[in-house]
Amino acid sequence: MELRIFTEPQQGATYETLLRVARAAEELNYGAFFRSDHYLHMGNVDGLPGPTDAWITLAGLARETRRIRLGTLMTAGTFRLPGVLAIQVAQVDQMSGGRVDLGLGSGWYGEEHAAYGIPFPKEKFGRLEEQLAIITGLWETPVGERFQFDGTYYQLTDSPALPKPAQPHVPILIGGHGAKRTPALAAQYADEFNIPFASLEDTERQFKRVGAAAEERGRPAGDLIYSNALVACVGKNDVDIKRRADAIGREVDELKANGLAGSPGEVVERLQQFAAVGSQRVYLQMLDLDDLDHMELIASEVMPQLS
């Protein structure tokens, strides 16, 4: 099982903080550094000093890291036109030497759209379907040929379909809890399916839905990578665990029930349970971005037991 770092900068983080975390993740041999794509904080925090943009952040990190993969869980489809997003991701992929993954979702947080004057359309899933068709279509169009798209929400005419990413194929992540449309969309477009903050039972159920949807399309279920996103709170002892839980405003028992909390041994056991229902990769939601010792503990005492 691969472990990746997942951050939520809208809760309060500067670019310099994110750079420290990304560099630490690279040095500690995590599989990737990912961030959310939000412009407004959630819950009882002030969000200071204010939001950072996901793809501007990843562009900077592309030039200031060397090995670690970079991506989003998930880019909000409501924030960017698909043609523009295809250009942005391709450029960041070039800047990184081919280390980008694109997680793309429909967008859901109405308050942030209102706060920053971003349209929040009622029909978001249909737009997401067209966005995926456009982005992948632009990248797959051979150089010298043109791309056309005439959809309900987007129309592209005589596009040169440039630039191209550095990678022959940028991995696409699709995720969520939807029972029908989400698995079908993942089966068509995704290289990886991610389920966020789910129980073992819900994880297994959703992975089976996605696998079945893939097979209905004539695609082997095992062609996709299956992953979870789970909050992390790991400590060497009960005092450390409680301190880390307090720092993020959560209760230890709740974190143990709904995330990855406890001693390294307890967390390894929990991760093995997720592996048993098909999870191949876990995005560790790190909410205290100043606690780099937390990342080091997981890298030294959890990660080796998962190989």
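Here, the structure is the one placed above.
Residues numbered from 1 in each chain as written. Predicted model: local features only at pLDDT ≥ 70, side-chain atom pairs only at ≥ 80, totals over all residues. Heavy atoms only, no water.

Draft legend 1. Structural detail: the packing of aromatic side chains. Following the criterion strictly, the structure yields 6 aromatic pairs and no others. Through pairs of rings, three or more aromatic residues link up here, namely Tyr39, Phe79 and Tyr116. Looking at Lys124, its charged tip hangs above the ring of Phe120, at a distance of 4.3 Å from the centre. (Phe/Tyr/Trp six-rings, centres within 6.5 Å; stacked < 30°, edge-to-face > 60°. Lys NZ or Arg CZ within 6 Å of the ring centre and 35° of its normal.)

Draft legend 2. How the structure looks around empty space enclosed by the protein. This model, assessed by the stated rule, comprises 1 cavity of 30 Å³ or more. Roughly 60 Å³ of volume is contained in the largest cavity. For the largest cavity, the full set of lining residues is Ala232, Cys233, Arg244, Ile248, Met286, Leu287, Asp288, Asp291 and His294. Its residues assigned to classes, the lining of the largest cavity shows 5 nonpolar, 1 polar and 3 charged. (1 Å grid on protein atoms, 1.4 Å probe; cavity = no way out; pocket = protein on both sides within 12 Å on 5 of 7 lines; lining within 4 Å. Points joined across faces, edges and corners; volume = space filled by probe spheres on them. Nonpolar A, V, L, I, M, F, W, Y, C, P; charged D, E, K, R; others polar.)

Draft legend 3. Region of interest: unusual backbone geometry. For the bond running from Leu48 to Pro49, omega is 10 degrees, close enough to zero to count as cis. Along the chain, Pro49 turns up in the loop between β2 (32–35) and α2 (54–64). (Helix = DSSP H or I, 4+ residues; strand = E, 2+ residues; numbered from the N terminus.)

Draft legend 4. Highlighting the pattern of salt bridges. Inspection of the entire model under this criterion finds 18 salt bridges. The closest approach of N and O atoms between Asp202 and Arg205, which form a salt bridge, is 2.6 Å. Placement of both Asp202 and Arg205 in helix α7 (residues 200–216) is noted, with a separation of 3 residues, approximately one turn of the helix. Assessed through its relative accessible area of 33%, Asp202 is described here as partly exposed. Under the relative-accessibility criterion, Arg205 is labelled partly exposed at 40%. Note that Arg244 is salt-bridged to Asp291, the shortest N-O span being 2.5 Å. Of this pair, Arg244 sits in helix α8 (residues 238–247) while Asp291 sits in the loop between β12 (281–286) and α11 (292–301); the two residues are 47 residues apart in sequence, bridging distant segments of the chain. For Arg244, a relative accessible area of 8% translates into the label buried. Overall, Asp291 belongs to the buried group, its relative accessible area being 10%. (Salt bridge = Lys/Arg side-chain N within 4 Å of Asp/Glu carboxyl O. Buried < 20%, exposed > 50% of the residue type's maximum accessible area, 1.4 Å probe, protein only.)

Draft legend 5. Region of the structure containing the pairing of strand β5 (residues 100–105). Most of β5 is tucked away: 6 of the 6 residues are buried. Of the two faces of β5, the one lined by Val100, Leu102 and Leu104 and the one lined by Asp101, Gly103 and Gly105 are each fully buried. What joins strand β4 (residues 75–76) to β5 is helix α3 (residues 82–96), and the crossover it makes is right-handed. Both β5 and strand β8 (residues 172–175) contribute to a ladder of 2 bridges, which runs parallel. In the sheet register, Leu102 faces β8, and the bridge partner there is Ile172. (Right-handed = clockwise from strand over helix to strand, strands pointing away. Pairing = 2+ DSSP bridges.)

Draft legend 6. Quick look at α3. The end-to-end C-alpha distance of α3 is 21 Å, a good match for the 21 Å that 15 residues give at a rise of 1.5 Å each. For α3, every residue scored as buried is listed here: Pro82, Leu85, Ala86, Val89, Ala90, Val92, Asp93 and Ser96. Summarising the axial view, the buried residues of α3 lie within an arc of 165 degrees, below the 170-degree limit, and thus occupy one face. Residues of α3 that are buried in the fold lie against α2, β4, β5 and α5 (125–140). Downstream of α3 by one or two residues, Gly97 has phi in the positive range, about 75 degrees. (Expected span 1.5 Å × (residues − 1). Arc of directions from axis to C-beta. Contact = heavy atoms within 4.5 Å.)

Draft legend 7. Molecular detail of the environment of Glu64. Tracing the backbone through its elements, the reader meets Glu64 in helix α2. Note: C-alpha distance between Glu64 and Ala22 (42 residues apart in sequence) is 9.1 Å. Once residues lying within four places of it in the same chain are set aside, the contact partners of Glu64 are Tyr15, Leu19 and Arg23. In this structure the side chain of Glu64 is engaged in a polar contact, spanning 2.5 Å, whose partner is the side chain of Tyr15. (Polar contact = N/O pair within 3.5 Å; in protein donor to acceptor, adjacent residues only side chain to side chain.)

Draft legend 8. Layout of the layout of surface pockets. In this structure, the second largest pocket encloses a volume near 150 Å³. Forming the boundary of the second largest pocket are 13 residues, of which Gly77, Thr78, Pro121, Arg127 and Tyr154 lie nearest the centre. A breakdown of the residues in the lining of the second largest pocket according to their chemical character gives 6 nonpolar, 4 polar and 3 charged.

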